[in-house]
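Examining the three-dimensional arrangement
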Amino acid sequence: MRDRLLAAEKVKAIDWRDGTLYLLDQRALPLEEAWLACDSVAAVAEAIRAMAVRGASAIGISAAYGVVLAARARFAAGGDWIAALDADFELLETTRPTAVNLSWALRHMRERLERVREHADPLAALEVEALAIHESDREANLTMAQLGVELIRRYQGNPQALLTHCNTGALASGGFGTALGVIRGAWLEGMVERVYVDETRPWLQGSRLTAWELASEGVPVTLNADAAAAHIMKTKGLTWVVVGADRIAANGDVANKIGTYQLAVNAMHHGVRFMVVASSSTIDMSLATGEDIPLEERDARELLEVGGKPVGAAVEVFNPVFDVTPADLIDVIVTEKGIVERPDAAKMAQLLCRKRLH
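Here's what I pulled together on the structure shown here. What you see is a predicted model, and the numbers here were worked out from it, not measured in a lab.

**A few points about the overall build of the protein**
In terms of helices and strands, the protein carries 12 helices and 16 strands. Compactness check: the protein gives a C-alpha radius of gyration of 20 Å against a globular reference of 21 Å for 358 residues, within 12% of the reference. In terms of overall dimensions, the protein has C-alpha extents of about 65 × 50 × 40 Å along its principal axes. Looking at the protein alone, contacts between residues at least 24 apart form 73% of all its contacts between residues at least 6 apart. When the accessible surface of the protein is split by element, carbon and sulfur atoms take 52% of a total near 14,700 Å².

**Some words on the side chain of aspartate 15**
Considering the arrangement of structural elements, one finds aspartate 15 in strand β1 (residues 14–17). For aspartate 15, a relative accessible area of 16% corresponds to the buried category. In this structure the side chain of aspartate 15 is engaged in a polar contact, spanning 3.5 Å, whose partner is the side chain of lysine 12. Residue contacts for aspartate 15: discarding those within four places in its chain leaves Thr20, Leu21, Tyr22 and Trp35.

**Some remarks on the pairing of strand β10 (residues 273–277)**
The buried count for β10 comes to five of five residues, which makes it a mostly enclosed element. Neither face of β10 is exposed, since Arg273, Met275 and Val277 on one face and Phe274 and Val276 on the opposite face are all buried. The sheet contact formed by strand β7 (residues 238–243) and β10 spans four bridges and is parallel. Across the sheet, valine 241 pairs through a bridge with phenylalanine 274, a residue of β10. Inspection of the sheet shows β10 paired to strand β15 (residues 332–335) by three bridges, in the parallel sense. Looking across to β15, one finds that valine 276 is bridged to isoleucine 333.

**A word on the sheet that holds strand β14 (residues 322–325)**
If you walk across this open sheet you meet the four strands as β11-β8-β9-β14, and the pairing is mixed. Each edge of the open sheet is held by one strand with a lone partner, namely β11 (283–284) and β14. In the sheet, strand β8 (residues 247–249) pairs with strand β9 (residues 254–257) via two bridges, with the strands oriented antiparallel. Residue pairing in the sheet places arginine 247 in a bridge with alanine 255 of β9.

**Here we look at the packing of helix α6 (residues 122–155) against helix α7 (residues 179–188)**
To characterise two packed helices, one gives the angle between the axes of the helices and the distance between these axes. Where α6 contacts α7, the two axes come as close as 8 Å, and the packing angle between them is 60 degrees. Comparing their axes, α7 and α6 come out oblique. Pair α6 / α7 crosses with right-handed handedness. Touching Met144, Ala145, Gly148, Val149 and Ile152 of α6 are Gly181, Val182, Gly185 and Ala186, all from α7. Class assignment for the residues of the contact of α6 with α7 results in six nonpolar, three polar and no charged.

**Structural notes on helix α10 (residues 260–270)**
Residues separated by three or four positions in an α-helix point in the same direction, a consequence of the helix having 3.6 residues per turn. Within the sequence span of α10, burial applies to Thr260, Leu263, Ala264 and Ala267. One face of α10 carries all of its buried residues, which in axial projection span an arc of 100 degrees. Residue glycine 271 follows α10 closely and has a positive phi angle near 70 degrees.

Conventions used here
Residues numbered from 1 in each chain as written. Predicted model: local features only at pLDDT ≥ 70, side-chain atom pairs only at ≥ 80, totals over all residues. Heavy atoms only, no water. Helix = DSSP H or I, 4+ residues; strand = E, 2+ residues; numbered from the N terminus. Rg over C-alpha atoms; globule rule 2.2 N^0.38 Å. Contact = heavy atoms within 4.5 Å. Areas by Shrake-Rupley, 256 points an atom, 1.4 Å probe, with all protein chains shown as cover. Buried < 20%, exposed > 50% of the residue type's maximum accessible area, 1.4 Å probe, protein only. Polar contact = N/O pair within 3.5 Å; in protein donor to acceptor, adjacent residues only side chain to side chain. Pairing = 2+ DSSP bridges. Axes fitted to C-alpha atoms, helices over the stretch in contact; angles between N-to-C directions. Parallel < 35°, antiparallel > 145°, perpendicular 65-115°, else oblique. Left-handed = near helix turned anticlockwise from the far one by under 90°. Nonpolar A, V, L, I, M, F, W, Y, C, P; charged D, E, K, R; others polar. Arc of directions from axis to C-beta.

So, in structure tokens, the structure goes:
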């Protein structure tokens, strides 16, 4: 199966080439495939903050390359370039507060930085670390796809109708995708009849990105308004809701794109199984429960305007980007280290003690 997955890798959203980070601008998709050339840490930080690059894994990978660009500039400026990098780490750290992959990647780059102080070529060593973070995510995607496909095969007959929320594919990761990677893998194995895609307001990641990824690969896809999800569960014979995660607390609570929580509630009511797919770097054991996860809120204009034109009444706006799904609503969490069914604190701790699966 791994060979089929590798052959199916078509979309690339992050490209490190000749010392420059190239990002497929996801704000322009699906109407235009435009690439941003980021040659400074400020450019990378702005791309993350402005959601030109998005998805927990992709944000972390981009930040790692941002550190390489920052180190190159600080080293060239002379002086105590390592101390000067603190400001660049802080700049990247504050771009998006919820996705823990960002801080995970920056922590790995800091640790590498400490080890290369006396290195003959410290910039090259940092670049190697960023490339390793990128490749590690790609490998994790492939492993998670295989594990998730086997779960779908185990619990239900074929072919099946699945539903997903937001975008968790190649655009949001360093390779095949997380939740969408599982769905793509299941399609390749002949187990998918149709994929229902929530449009995912207000940034429309579902309609602009996920539907585009699936349609480009010939996967039968139906786009629906977020509010139609419960009706689809009731009438369309769904077997699974498959979503990603931006941070998972120590007890298995999951922070993901706003609207995920209500999907989990509705899935339990309708007897639809609920799968979360995320790399182990998404798990934050420092936070006991989802109540401790910082949830980003964004500009009111995202709800009041479309294409820069006002469409809503001038009223107070609440625009959270993420919500928290309690662990007791989740059937299974899939990571590259293995799966956790009916997650709780003990099972999550046990998972992180395992070596990575291959």
